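Fold and geometry: a report
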Amino acid sequence: MKRDLRLLLAEVGKKMKQEPHQLASDFDHLSAALSKRHIHLSSSSLKKLWDVMTGKRKLSNEALDRLSLFAGFQDWKDLRDAFHGDVDASINYEDEPERR
C-alpha cells in the first residue's frame with residue numbers, strides 16, 4: 001500500500017507541476033464532492049493534509065494524538081508501536097498503572 005500511495009503522490013505531483021494555478025480550485029471541488037458523501041473537510045483542511053503528505057508540513061504532537069484516538073489508540077506512541085511492532089488496539093483495554 002505504501003508503494004501505491006507513493007505512485008499516487010507522484011502522479012498528482014506531475015499534474016500539479018503542469019497546472020499549479022488550479023490547486024485551490026481542485027481542493028474546492030474535492031471538498032464539494034466529499035461533502036456530498038457526508039465527509040466535511042474544507043478546502044483549507046485538504047490543503048493542509050496535502051502539505052503533510054508531501055512533507056511540507058509536520059503535525060503537532062497534539063494533532064497526532066487526536067488522529068490516534070480516531071484510529072482507536074490512546075496516543076501517538078501506541079499507534080506507532082502498533083505499526084512497528086506486534087501491538088494492536090487491544091492495548092487500550094489493558095490496565096496500565098502509568099496511564100491512569
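Quick note: structure is the one above.
The following refers to the structure shown.

On to helix 4 (residues 61–70), then. Burial in helix 4 covers these residues: Ala-63, Leu-64 and Ser-68. The buried side chains of helix 4 occupy one side of the element, clustering within an arc of 140 degrees when seen end-on. Of the exposed residues in helix 4, the ones pointing more than 90 degrees away from its buried face are Glu-62, Arg-66, Leu-69 and Phe-70. As for helix 4, its buried residues are in contact with helix 5 (76–84). Note on helix 4: the residue one or two positions beyond its end, Gly-72, has a positive phi of about 100 degrees.

To continue, consider the nonpolar core. Grouped together as the largest cluster of nonpolar side chains are 5 residues: Leu-23, Phe-27, Leu-34, Leu-46 and Trp-50. Sorting the residues of this core by element identifies helix 2 (23–35) and helix 3 (43–53) as the ones contributing at least two each. Of all the elements, helix 2 adds the most residues to this core, at 3 residues. Leu-46 has contacts with Phe-27, Leu-30, Ser-31, Leu-34 and Leu-41, leaving out every residue within four places of it along the chain.

In this section: the pattern of salt bridges. By the definition in use, this model includes 2 salt bridges. Between Asp-51 and Lys-47 there is a salt bridge, with the nearest N and O atoms lying 2.9 Å from each other. With Asp-51 and Lys-47 both in helix 3, this residue pair falls 4 residues apart, about one helical turn. Owing to a relative accessible area of 31%, Lys-47 belongs among the partly exposed residues under this scheme.

Along helix 3, the positions that sit buried rather than exposed are Leu-46, Trp-50 and Asp-51. In a view along the axis of helix 3, the buried residues occupy a sector of 145 degrees, so they form one face of it. Where helix 3 terminates, the next one or two residues include Gly-55, which has phi positive at roughly 85 degrees.

Reading guide: rules and limits
Residues numbered from 1 in each chain as written. Predicted model: local features only at pLDDT ≥ 70, side-chain atom pairs only at ≥ 80, totals over all residues. Heavy atoms only, no water. Buried < 20%, exposed > 50% of the residue type's maximum accessible area, 1.4 Å probe, protein only. Helix = DSSP H or I, 4+ residues; strand = E, 2+ residues; numbered from the N terminus. Arc of directions from axis to C-beta. Contact = heavy atoms within 4.5 Å. Core = buried A, V, L, I, M, F, W, Y, C linked by side-chain atoms within 4.5 Å. Salt bridge = Lys/Arg side-chain N within 4 Å of Asp/Glu carboxyl O.

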